Amino acid sequence: MLVKKIKYVDFLGNEREEEFYFNYTKADVNRLMFSTKEGLPEFLKRITREEDRHKMFGFLEEFVLGSVGIISSDGRQFIKNEEISTGFKQSNAYSELLDEFIDGGDTAISDFINAVIPKEAAEAVQKINEEDNKVVASLPASK
């Protein structure tokens with residue numbers, strides 16, 4: 001789980017700093033692994049190789065919005081639903097997070113992904129990255 005403080009300006013011009021929670025369980029990672037015809041690692045390799053920025057951004061957006069949630073008061077659940085992800089997407093905090101990815105490139109994106117997925121999955125991604133020299137898609141800086 002990643003607890004990330006994000007500074008942003010809301011739509012009334014107020015500066016804010018809030019903590020947001022991002023998490024993928026083993027079940028979430030397994031769902032992602034089977035979400036593409038060729039499997040997630042092959043999909044990421046292909047869109048990286050093809051430099052398909054549209055698909056890269058789509059994956060990153062799906063990953064972020066699929067991971068944002070809140071912790072239940074008793075700590076037993078990490079609640080993720082359309083209301084929470086839509087609320088986050090409609091805030092300037094979301095824009096700030098995407099700017100961090102664009103400015104930070106591969107490192108910022110892979111650090112975020114590795115912090116959000118379970119440790120075992122992060123280690124598997126690291127192994128694939130070492131073997132294939134780069135799996136995690138990046139958004140080339142365009143500012």
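Higher on the page you've got the structure.
Residues numbered from 1 in each chain as written. Predicted model: local features only at pLDDT ≥ 70, side-chain atom pairs only at ≥ 80, totals over all residues. Heavy atoms only, no water.

So what's going on with the sheet that holds strand β4 (residues 78-79)? Which residues, and what values?
As summarised here, the arrangement of the four strands in space is β1-β2-β3-β4, forming an open sheet in which the pairing is antiparallel. In this open sheet, the two strands that pair with only one neighbour each are β1 (2-9) and β4. Of the pairings in the sheet, the one linking strand β3 (residues 68-71) to β4 comprises two bridges and is antiparallel in character. Following the sheet pairing, I70 is matched in β4 by I79. Running at roughly 10° to β3, helix α3 (residues 53-67) makes contact with β2 (15-22), β3 and β4 of the sheet. Lying on the sheet, helix α5 (residues 92-116) is in contact with β1 and β2; it crosses β1 at an angle near 155°. (Pairing = 2+ DSSP bridges. Helix = DSSP H or I, 4+ residues; strand = E, 2+ residues; numbered from the N terminus. Contact = heavy atoms within 4.5 Å. Axes fitted to C-alpha atoms, helices over the stretch in contact; angles between N-to-C directions.)

So what about the nonpolar core? Which residues, and what values?
Counting residues in hydrophobic clusters, the biggest one holds 33 residues, and the most contacted among them are F22, F63, V64, F88 and F112. The set of elements that each furnish at least two residues to this core consists of β1, β2, α1 (26-33), α2 (40-49), α3, α4 (82-89), α5 and α6 (119-132). The element contributing the most residues to this core is α5, with nine residues. Not counting chain neighbours up to four residues away, the residues in contact with F22 comprise M1, L2, K4, V64, S67, V68, F78, F88, L97, F112 and V116. (Core = buried A, V, L, I, M, F, W, Y, C linked by side-chain atoms within 4.5 Å. Buried < 20%, exposed > 50% of the residue type's maximum accessible area, 1.4 Å probe, protein only.)

Just give me the short version of a nonpolar patch on the surface, but keep the residues and values in it.
Together, M1, V3 and I71 make up an exposed nonpolar region whose accessible area comes to about 250 Å². With respect to the helices, strands and loops of the structure, I71 is situated in strand β3. (Patch = residues over 30% accessible without salt bridge, like charges linked within 9 Å, V, L, I, M, F, W, Y side chains within 5 Å. Areas by Shrake-Rupley, 256 points an atom, 1.4 Å probe, with all protein chains shown as cover. Salt bridge = Lys/Arg side-chain N within 4 Å of Asp/Glu carboxyl O.)

Residue-level account of the pattern of salt bridges, with values.
Counting across every chain of the model gives eight salt bridges. Notably, a salt bridge pairs K26 with E120, separated by 3.6 Å at the nearest N-O pair. Of this pair, K26 sits in helix α1 while E120 sits in helix α6, placing them 94 residues apart in sequence. Among the ionic contacts, a cluster of salt bridges with common partners joins E38, R46 and E50.

Hey, could you go over the side chain of S72 for me, with residue numbers and the actual values?
With respect to the helices and strands, the residue S72 is situated in the loop between β3 and β4. Within the structure, the side chain of S72 is placed 2.7 Å from the side chain of D74, a separation counted as a polar contact. One polar contact links the side chain of S72 to the main-chain amide nitrogen of R76, over a distance of 3.2 Å. (Polar contact = N/O pair within 3.5 Å; in protein donor to acceptor, adjacent residues only side chain to side chain.)

Explain the packing of aromatic side chains residue by residue, including any values.
If you walk through the whole model with that rule in mind, you get eight aromatic pairs. Ring centres of F22 and F88 lie 5.6 Å apart, and the angle between their planes is 75°; on these two criteria the pair is classed as edge-to-face. Highlighted residues: F22 in strand β2 and F88 in helix α4, separated in sequence by 66 residues. Each member of the pair, F22 as well as F88, is classed as buried. Classification of F22 by relative accessible area gives buried; the value is 0%. Three or more aromatic residues link up through ring pairs in this structure, and these residues are F20, F22, Y24, F59, F63, F88, Y94, F101 and F112. (Phe/Tyr/Trp six-rings, centres within 6.5 Å; stacked < 30°, edge-to-face > 60°.)

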